[in-house]
Amino acid sequence: MAPSSPSSTTAPGRRNVRRRSSALGHGPWTPYLYILPAFVVYGAFMLYPLIRAAQFSLYEWDAISPAVFVGFQNYVDLASNEELRSAFVHAFVLIFFYSVLPVVVGLVIAAILNRAAVKGMTFFRTVIFLPQVIAMVVVAIAWTRIYASDGSLNDLLRILGLDGVTRAWLGDYTFALPAVGLIGTWVQTGLVTILLLAGMGRIPRDLYEAARLDGAGAIREFLAVTLPAVRGEVAVALTLTIVAALKTFDLIYMTTRGGPGTSTTVPSYQVYYQAFQLGQIGTASAIGVTLTVLIFGINLIVNRVAEERE
């Protein structure tokens, strides 16, 4: 009898392997099974609370009495209430201090450090990133002391002979919000600088050499080579800092409590104030949902613009 060919003996074995693989779950639904645990956690702690908040925003409820359905009245009140509208205006002001200013300053610092040979770069990166790892409560308490009437800032101004400029910065209606915003600038600049340094470190040195051969100076080199190469990192930095600006709560709570008056109130603080101080759960939920949509929309625009330019 003729011996069996190799293909006739191996083919059944391969079919058995395929059957066992299919039995072990290597089917079209396998990728979804891998992400199912993470999705369950995300749905339980993110999606479900968001859906419930959207539901609460359609009711007038104080968490004790029976809820009364009012439809979109809470959103109408949000649009017509000057105090609540000003909270969103203040949030946009903080975007400048939390996001725009740190990105500009971070670009300059990162470009200088990337261009110059700086010794102890690891130590410098650690120091500049330090505000990110310090609890915001600690940061707020430290800066509250700096901004106090007898604090370090006013002491410095007096030394410089600027006694007329000194004031209780966090108690001034005009300067309280910029003072809080500068704290955000100090905190976010380190994060932005580290992100941009990482991006600049991946730029081939040949591009810089070619630019210098063409007679490009430091500014032209930055505009032509560095800035286009780190566009992705800039988009990430803007996304992170804009989210931080719009959802800031602990800094406002620890420094001004929204004061003086309502000059530093922001949406996230209004969520707390409306829900836990006034007992208006529906209004607080409407503010939270509006803030979520606003954050999503702004970051969608930022990332879309970055993708189109790439």
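Predicted model, so just to flag it, every value in this text is computed and none were measured. (Residues numbered from 1 in each chain as written. Predicted model: local features only at pLDDT ≥ 70, side-chain atom pairs only at ≥ 80, totals over all residues. Heavy atoms only, no water.)

### Quick notes on the packing of helix 9 (residues 205-213) against helix 10 (residues 218-229)
This is how it is decided: The axes are straight lines fitted to the C-alpha atoms, using for helices just the contacting stretch, and the angles between their N-to-C directions are given from 0 to 180°. Under the scheme used here, helices are H or I runs from DSSP no shorter than 4 residues and strands are E runs no shorter than 2 residues, and both carry numbers assigned from the N terminus. Each crossing gets its handedness from the near helix: less than a right angle anticlockwise from the far helix is left-handed, clockwise is right-handed. Whether two residues are in contact is decided by their heavy atoms, any of which lying within 4.5 Å being enough. Residues are grouped as follows: nonpolar covers Ala, Val, Leu, Ile, Met, Phe, Trp, Tyr, Cys and Pro; charged covers Asp, Glu, Lys and Arg; every other residue, Gly included, is treated as polar.
Between helix 9 and helix 10, the shortest axis-to-axis distance is 10 Å and the interhelical angle comes to 150°. Considering only the axes of helix 9 and helix 10, their crossing is right-handed. Taken together, the residues of helix 10 that come into contact with helix 9 (itself represented by L207, Y208, A211 and R212) are E221, V225 and T226. Classifying every residue of the contact of helix 9 with helix 10 gives four nonpolar, one polar and two charged.

### A few points about the packing of aromatic side chains
Quick reminder of the rule: Any Phe, Tyr or Trp ring, taking Trp's six-membered ring, that has another such ring centre within 6.5 Å forms a pair; planes under 30 degrees apart are called stacked, those over 60 apart edge-to-face, and the others tilted. Three exposure classes are used, based on accessible area relative to the maximum for each residue type with a 1.4 Å probe and protein chains only: buried under 20%, partly exposed in between, and exposed over 50%. Here, over-ring charges are defined by two tests on the NZ atom of lysine or the CZ atom of arginine: distance to the ring centre within 6 Å, and angle to the ring normal within 35 degrees.
Here the structure, examined in full by the defined rule, presents 15 aromatic pairs. Seen in terms of ring centroids, Y269 and Y273 are 6.4 Å apart; in terms of plane orientation they differ by 15°. Their pairing is stacked. On the criterion of helical spacing, the pair formed by Y269 and Y273 is a turn pair, its members being four residues apart in helix 13 (residues 267-277). Of the residues examined, Y269 reaches a relative accessible area of 8% and is grouped as buried. An aromatic cluster of three or more residues is present, and its members are F249, Y253, Y269, Y272, Y273 and F276. Sitting above the plane of the W169 ring, R167 keeps its charged end 5.4 Å from the centroid. When the ring centre of Y253 is taken as reference, the NZ or CZ atom of R257 above it lies at 3.9 Å.

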